Amino acid sequence: MSKQSRRREALVYHAKPTPGKIKVVPTKKYATQRDLSLAYSPGVAEPCLEIEKDKDNAYKYTAKGNLVAVISNGTAVLGLGNIGPEASKPVMEGKGLLFKIFADIDVFDIEVDTEDVETFIQTVKMIAPTFGGINLEDIKAPEAFEIERRLKEELDIPVMHDDQHGTAIISAAALLNALELSEKDIKEVKIVVSGAGAAAVSCTRLYMAFGAARENIVMLDSKGVIRDDRENLSSQKAEFATHRKIDTLDEAMVDADVFIGLSAPNIVSPQMLLSMAPNPIVFAMANPDPEIEYQLAIDTRDDIIMATGRSDHPNQVNNVLGFPFIFRGALDVRATKINEEMKKAAVIALANLAKEIVPEQVNIAYGETRLTFSKDYIIPKPFDPRLIAEVPPAVAKAAMESGVAKEPIEDWEKYKNTLLERLGSDNKIVRLLINRAKVNPKRVVFAEADQLRVLKAAQIVYEDGVAIPILLGRREEIERLKEEIEFDADLLIIDPKSDDAIEQRDKYAEVYWNQRKRRGVTLFSAKKILRDRNFFAAMMVNEGDADALVSGYSQSYPLVVKPMLEVIGMADGCSRVATTNVMMTQRGPMFLSDTAININPTASDLIKIAQMTAGVVKMFGIEPVMAMTSFSNFGSSKTQTAVKVREAVMYLHQRHPDLIVDGELQTDFALNKEMLQENFPFSKLAGRNVNTLIFPNLESANITYKLLKELNNSESIGPIMMGLRKPAHILQLGASVDEIVNMTAIAVVDAQQKQRRAAQAANKE
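This section reports on the structure supplied with the text. (Residues numbered from 1 in each chain as written. Predicted model: local features only at pLDDT ≥ 70, side-chain atom pairs only at ≥ 80, totals over all residues. Heavy atoms only, no water.)

**Some points on empty space enclosed by the protein**
Piece 1. Under the criterion given, the structure shown has five cavities of 30 Å³ or more.
Piece 2. Here the second largest cavity is characterised by a volume of approximately 60 Å³.
Piece 3. Lining the second largest cavity we find Asn581, Tyr705, Lys709, Ser716, Gly718, Leu731, Gln732, Ala735 and Glu739.
Piece 4. Mapped onto the lining of the second largest cavity, the elements with two or more residues apiece are helix H30 (698–711) and strand S20 (715–722). (1 Å grid on protein atoms, 1.4 Å probe; cavity = no way out; pocket = protein on both sides within 12 Å on 5 of 7 lines; lining within 4 Å. Points joined across faces, edges and corners; volume = space filled by probe spheres on them. Helix = DSSP H or I, 4+ residues; strand = E, 2+ residues; numbered from the N terminus.)

**Quick look at the environment of Ala345**
Piece 1. With respect to the helices and strands, the residue Ala345 is situated in helix H15 (residues 340–353).
Piece 2. Counting along the chain gives 123 residues from Ala345 to Ile468, while the straight-line C-alpha distance between them is 43 Å.
Piece 3. Discounting chain neighbours no more than four positions away, the residues touching Ala345 are Ala394, Val395 and Ala398. (Contact = heavy atoms within 4.5 Å.)

**Notes on the pairing of strand S1 (residues 67–72)**
Piece 1. Most of S1 is tucked away: six of the six residues are buried.
Piece 2. Judged by which residues are buried, S1 turns out to be covered on both faces: Leu67, Ala69 and Ile71 on one side and Val68, Val70 and Ser72 on the other are all buried.
Piece 3. When S1 meets strand S2 (residues 106–111), the two strands line up parallel, connected through six bridges. Across the sheet, the residue bridging to Val70 is Asp109, located in S2.
Piece 4. For the handedness criterion, the β-α-β arrangement of S1, helix H5 (residues 85–103) and S2 is classed as right-handed.
Piece 5. Sheet topology places S1 next to strand S3 (residues 133–136); four bridges connect them, and they run parallel. By the bridge assignment, Val68 is partnered in S3 with Gly133. (Buried < 20%, exposed > 50% of the residue type's maximum accessible area, 1.4 Å probe, protein only. Pairing = 2+ DSSP bridges. Right-handed = clockwise from strand over helix to strand, strands pointing away.)

**Details of the sheet that holds strand S4 (residues 159–161)**
Note: strands within a sheet are paired through backbone hydrogen bonds, in either parallel or antiparallel orientation.
Piece 1. One open sheet accounts for four strands, arranged S2-S1-S3-S4; its pairing is parallel. The sheet terminates laterally at S2 and S4, the two strands that pair on one side only. On average, each strand axis in the sheet is tilted by 20 degrees relative to the strand beside it, whichever way the strands run.
Piece 2. Taken together, the three bridges between S3 and S4 define a ladder with parallel strand orientation. Directly across from Leu136, in S4, lies its bridge partner His161.
Piece 3. The strands touched by helix H7 (residues 143–154) are S3 and S4; relative to S4, the strand with the most contacts, the crossing angle is about 170 degrees. (Axes fitted to C-alpha atoms, helices over the stretch in contact; angles between N-to-C directions.)

**Comments concerning the environment of Met253**
Piece 1. For Met253, the position within the fold is in helix H11 (residues 249–253).
Piece 2. When the C-alpha atoms of Met253 and Gln271 are compared, they prove to be 9.6 Å apart, with 18 residues separating the residues in sequence.
Piece 3. Apart from the residues lying within four places of it in its own chain, the contact partners of Met253 are Val192, Phe259, Val268, Met272, Ser275 and Met276.

**Section: the sheet that holds strand S10 (residues 305–308)**
Piece 1. Strands sit in the order S7-S6-S5-S8-S9-S10 across an open sheet of six strands; the sheet is mixed. Only two strands of the sheet have a single partner each, and these edge strands are strand S7 (224–225) and S10.
Piece 2. Here strand S5 (residues 191–194) runs beside strand S6 (residues 217–221); their pairing, made up of four bridges, is parallel. Following the sheet pairing, Ser194 is matched in S6 by Leu220.
Piece 3. Sheet contacts for helix H8 (residues 162–181): strand S8 (258–261), strand S9 (281–284) and S10; angle to S9, the most-contacted strand, approximately 160 degrees.

**Quick look at the nonpolar core**
Piece 1. The biggest cluster of nonpolar side chains holds 79 residues, and the ones touching the most others in it are Phe283 and Met342.
Piece 2. Here this core gets nine residues from one element, more than from any other, and that element is H8.
Piece 3. Apart from the residues within four sequence positions on either side, Met342 is in contact with Ala330, Ala335, Lys337, Val395, Ala398, Ala399 and Val404.
Piece 4. Residues Ile429, Ala578, Phe591 and Ile622 belong to the second largest nonpolar core, which totals 67 residues. (Core = buried A, V, L, I, M, F, W, Y, C linked by side-chain atoms within 4.5 Å.)

The following block contains the structure:
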């Protein structure tokens, strides 16, 4: 993507459809006058009086306990420098978004218009009663040190400057594991720290808290090695000044065991790496370009353990592994501060998590057969769902043991379950899906590329590395639209109706005729049919000229399904195709089947639909927990509609006992596990969170998913085609750009899986 195009897209993203990235939503009922009288006058007086008696009651009656302030004065914003408080607001809103999606913490971002340390401190102190915690952000050094120190001393709520401590905590966890793998002792290793800002100082202090020796550390700033004979050193730099008579990074790197980069890009040369001690540890964390490129570093030394701040390489040092979960643990025990014990607990929890068996969901997301503790996996991945269940409890326990917790936790198992439930309101599954597709992008045909939304989606998946688009449609229109949206990639464009495509079209027509000649298709009619872009796209996939296709934006579903069935056909052993939709609900992803194909499926059809849906759910790294729905519960009706569901369930129980499936069930019982447990404790679903609903007919499934989509504004992925021999996925008419992007990712992941299965089958032969 060109710089200008990226700029425009970023501005549109922040401006449309509503300016900004976060909003306030009510958490209580407000439909009736009674509700409003409780929310405000006169009912609101009662909690006010209770809080007047005891200020701690604010945690009981208000949102204070789950509310963090992200506060900045805009003096050190990302790599942009001192751009002022107003200009820092998009970053602070972004931080708020990360707090919410990773740890379900609510945020108000606050931008303070002052560079005076005392004024800033007093401002934060005056607004502190509103919040359960304070996250200081993008404040320049050395003022940041004093601001954090004072606020930690003078406030009774958790305060943390993430720019200092976030990178320190994550990199410390990575360092402990890297040292373990290289069989080195932190007390003895020689460490070079390039950078002397807030993050570098905090990192070095934390390494020392874990045993690093001050005399073994060399720190550099823009002037070179910080020596104890240099004049006018700040107190922070003086803390790490060395007595060694060296001046340059080249000299400092000789025989060093560890390099910590928090400075500038491309300052470390291969020669410097070669001068380091055996099994060197290099954390090049400058963003977006590290101190030395990852590939260059590992090509230079095969004994290196390498980490960067980038997501496209192993071992990403990413602050999102830390701050949401540290504040989560601190808030949940009402800690009065975030102290060294809590930060060290977070480090150890992160380090230990990397040594545990990685869930299949994480392996799938990163396209790995099996992630294991090694030089390429020394810290957990940001998408690891275990983070919220491991780091906050460790932080909370440390707060309790160090005496700063006002509300200790007693039932840790219950607390962990509560933390896991907080993940339900988030769209992590979409991020996992996109990330998995990016691991091994495939060639995807966009059969309607002369439609603006379709082409925009193709641009996004191409520029984000999700897929390699092949564009079908009117060439002139596609070229015009590409110019309009500044999409300058050199991609294959085919107009199936043009003379340019006649050779390819005739070749496909010959294949199609041979497939269908005993069903009334002549070679002449086959050539005519292959002018249709959906038939052409399907044949591209069928003949291996593309890996997957996406279509349906501008045509009705039945019209698009027909060529897929005729050209691609059903997978071996499959007697039925079907679809499922993934709905992003408040309780997490829900899979609904069949939403587009089978009007009135038989019991046998429902069995196949359930089995195929289970496979799709597993494709997302989720264990399917399936309810076969009806208007009756476990035999309460003898009508044929209920009976066929019951028969399908009986068959699945007998032949596939490993599947977690039951029914027939009314939807409310299926989704309310307490109600199901109370009334039907014998059910395989009792006490479980159902994530998949299999409907008795197309009508009920289609109506349900569209109701969810429109009334609850639930994001939908689908309908996902199941049962085809090769990957072909059909959009809903008028799908949004995001829906097309998501469907493209599905198509890529589907192609990845089918390719893997084909390779496994070939190996067996």
